[in-house]
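# Summary of the model geometry
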Amino acid sequence: MVHCIRKFIFKGNYTFTMDDKILLEVNQLTAEFGYNGKSKKAVNKVSFKLHEGKTIGIVGESGSGKSVTSLAAMKLISQPSGRITNGKILFHNNGETID
């Protein structure tokens, strides 16, 4: 099974049950970088879920936004030039959801 999101390709045979807990949710994430008053989208509407005990690999061409996606998910985008302009990043831990 192959799922394509923008230029990212997620490969694998995933079977989740209702008991699988979601650890991290990234929904419609958009990150932009600005320079000289202009803004450029580095990541546009990326969504994925990471289940507890599972591994996810983000693969893509050079410049496709892999590093920016990872940095944005950890809220480590360099400011003021970079910023998350849309989307939700939710971390689920012991029944608590952190935005």
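As shown above, the structure is provided for reference.
Residues numbered from 1 in each chain as written. Predicted model: local features only at pLDDT ≥ 70, side-chain atom pairs only at ≥ 80, totals over all residues. Heavy atoms only, no water.

With respect to the element layout, Lys 54 can be found in the loop between strand 4 (38–51) and helix 1 (66–73). According to the relative accessible area criterion, Lys 54 is partly exposed, its value standing at 42%. Distance in space between the C-alpha atoms of Lys 54 and Ile 22 is 9.6 Å, their sequence separation being 32 residues. (Helix = DSSP H or I, 4+ residues; strand = E, 2+ residues; numbered from the N terminus. Buried < 20%, exposed > 50% of the residue type's maximum accessible area, 1.4 Å probe, protein only.)

One side chain can pair with another of opposite charge once the charged atoms of both are near each other. A complete count under the given rule lists two salt bridges for this structure. The salt bridge involving Glu 32 is made with Arg 83; its shortest N-O contact spans 3.8 Å. Here Glu 32 is found in strand 3 (residues 22–35), whereas its partner Arg 83 is found in strand 5 (residues 82–93), with 51 residues between them in sequence. For Glu 32, a relative accessible area of 12% puts it in the buried group. Between Lys 88 and Asp 99 there is a salt bridge, with the nearest N and O atoms lying 3.1 Å from each other. Residue Lys 88 is located in strand 5, and its partner Asp 99 is located in the segment after strand 6 (96–98); the two are separated by eleven residues in the primary sequence. (Salt bridge = Lys/Arg side-chain N within 4 Å of Asp/Glu carboxyl O.)

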